Amino acid sequence: MSKALSKAKGFKKSKSGTYLSMATTAFGAIGVTKQIKKARAEHDTLRLIDATVSAVAIVTGLAILCRELKRLGDDDVLLG
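Residues numbered from 1 in each chain as written. Predicted model: local features only at pLDDT ≥ 70, side-chain atom pairs only at ≥ 80, totals over all residues. Heavy atoms only, no water.

Engineer: Sorry if this is basic, but what is going on with the overall build of the protein chain here?
Structural biologist: For the protein chain, the count of helices and strands is three helices and zero strands. Shown N-terminal to C-terminal, the secondary structure of the protein chain runs as helices and strands in the order α-α-α. In the protein chain, which comprises 80 residues, the proportion classed as buried is 14%. Summarising the internal contacts of the protein chain: among those between residues at least 6 apart in sequence, 59% fall at separations of at least 24. (Helix = DSSP H or I, 4+ residues; strand = E, 2+ residues; numbered from the N terminus. Buried < 20%, exposed > 50% of the residue type's maximum accessible area, 1.4 Å probe, protein only. Contact = heavy atoms within 4.5 Å.)

The structure is reproduced here in structure tokens:
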């Protein structure tokens, strides 16, 4: 494996990689919000349920990423 490839794989487990994942996950909330508004306006129950499930998935994903960020912080000697 090349040095650049191993460095890229390590980025996923870094703090900056975790922050980037959190930002992209939170950015998905914009689309879900639009989907919920559209479903309410059209009185489409099935789309509203789909959007709600997507919103729950986003919240769960952010919670997992926050937990991972906390674990990365616990490993840091300088943070105590």
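Let us keep going from here.
Engineer: Looking at this model, I keep getting lost on the environment of leucine 48. Mind explaining?
Structural biologist: Looking at the element boundaries, leucine 48 is found in helix H3 (residues 45-75). On the basis of relative accessible area, leucine 48 is assigned to the partly exposed category, the value being 28%. For the pair leucine 48 and lysine 38, spaced ten residues apart in the sequence, the C-alpha separation amounts to 8.5 Å. In contact with leucine 48, not counting residues within four places along its chain, are Ile36, Ala39 and Arg40.

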